[in-house]
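Here is how the chains run, residue by residue.
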Amino acid sequence: MAETATATDIGFGTTLSKKTTGTTYIVLAEVTELTSPEMARDAVEFTHMKSPEGWREFKPGLKDAGEFGIVYNLIPGAADDALVAAHIEADVVDTWRITFPNGATLDAKAFATAHGRATPIDDRMTGSATFKISGKPVLTAAV
């Protein structure tokens, strides 16, 4: 049996954008790393005095879409840095889109929960941000 090559790819070309109006999105220009959300579900315990053979019993609880994070090339107060700084000040939940190299998209309503800036003496300056997702994100396969 012949082996087939994997269809996976490197992350180069992945973008993060913020919805502005209608179907218009503004792309963050110099993102260097994007961490996709890790979705989780609560486990709710339903153990009782007669649970079979003394085993704990659980049922699935509420789902949590998690967070996504970015690292970007920092130009203090300009472009990506200004967009993230304005968003963390705005106290709103906005629509964000991750577009993967194969064209698939992940749309999520989210808000910034953290924004940082690193200025090392001997390396590039970077900004970072973490976004908490509210509700269910929607993954749309590439066409």
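The sections below set out a description of the structure shown in this document. Just so we're clear, the structure is a prediction, and the values are computed from it rather than from any experiment.

### Thoughts on the overall build of the protein chain
And step 1. Looking only at helices and strands, the protein chain has 1 helix and 10 strands in total.
And step 2. Taken from N to C terminus, the helices and strands of the protein chain fall in the order β-β-β-β-β-β-α-β-β-β-β.
And step 3. When the backbone C-alpha atoms are referred to their principal axes, the protein chain occupies close to 60 × 55 × 40 Å.
And step 4. Residue burial in the protein chain is summarised as follows: out of 143 residues, 24% are buried.
And step 5. Split by element, the accessible area of the protein chain, about 10000 Å² in all, is 57% carbon and sulfur.

### Let's talk about unusual backbone geometry
And step 1. Although it is not a glycine, Glu53 sits at a positive phi angle of roughly 55 degrees.
And step 2. You can see Glu53 is positioned in the loop between β4 (40-45) and β5 (58-64).
And step 3. Not every positive phi belongs to a glycine, and Ala79 is a case in point at roughly 40 degrees.
And step 4. For Ala79, the location among the structural elements is in helix α1 (residues 79-90).
And step 5. In this structure Ala79 comes out as exposed when scored by relative accessible area, which is 55%.

### Looking at α1
And step 1. For α1, which comprises 12 residues, the first-to-last C-alpha distance of 17 Å matches the rise-based estimate of 16 Å (1.5 Å per residue) to within 8%.
And step 2. Of all the positions in α1, only Asp80, Asp81, Leu83, Val84 and His87 are classed as buried. For α1, the angular spread of the buried residues around the axis is 165 degrees, confining them to a single face. Facing away from the buried side of α1 by more than 90 degrees, the exposed set consists of Ala79 and Glu89.
And step 3. Asp91 sits one or two residues past α1 and shows a positive phi near 55 degrees.

### Topic: the packing of aromatic side chains
And step 1. Counting across every chain of the model gives 2 aromatic pairs.
And step 2. Ring geometry for Phe68 against Phe131: centres 4.9 Å apart, planes inclined by 15 degrees, an arrangement best described as stacked. Note that Phe68 is positioned in strand β6 (residues 67-73) and Phe131 in strand β9 (residues 126-133), a separation of 63 residues in sequence.
And step 3. The class of Phe68 is buried, set by a relative accessible area of 3%.
And step 4. For Phe131, a relative accessible area of 0% gives the class buried.
And step 5. Judged by centre distance (4.6 Å) and plane angle (50 degrees), the rings of Trp96 and Phe131 are tilted. With Trp96 in strand β7 (residues 94-99) and Phe131 in strand β9, this residue pair connects regions lying 35 residues apart in the sequence.
And step 6. Looking at Trp96, the relative accessible area reads 1%, which means it is buried.
And step 7. In this structure an aromatic cluster arises from ring pairing among Phe68, Trp96 and Phe131.

### Here's the deal with the nonpolar core
And step 1. Core analysis: the largest hydrophobic core is formed by 18 residues, its most contacted members being Leu16, Leu28, Phe68, Ile70, Trp96 and Phe131.
And step 2. Only β6, α1, β7, β8 (105-118) and β9 provide two or more residues apiece to this core.
And step 3. At 4 residues, the largest contribution of residues to this core is made by β8.
And step 4. With residues up to four places along the chain from it excluded, the contact list for Phe131 reads Gly66, Glu67, Phe68, Ile70, His87, Trp96, Ala110, Phe111, Ala112 and Thr113.

What counts as what
Residues numbered from 1 in each chain as written. Predicted model: local features only at pLDDT ≥ 70, side-chain atom pairs only at ≥ 80, totals over all residues. Heavy atoms only, no water. Helix = DSSP H or I, 4+ residues; strand = E, 2+ residues; numbered from the N terminus. Buried < 20%, exposed > 50% of the residue type's maximum accessible area, 1.4 Å probe, protein only. Areas by Shrake-Rupley, 256 points an atom, 1.4 Å probe, with all protein chains shown as cover. Expected span 1.5 Å × (residues − 1). Arc of directions from axis to C-beta. Phe/Tyr/Trp six-rings, centres within 6.5 Å; stacked < 30°, edge-to-face > 60°. Core = buried A, V, L, I, M, F, W, Y, C linked by side-chain atoms within 4.5 Å. Contact = heavy atoms within 4.5 Å.

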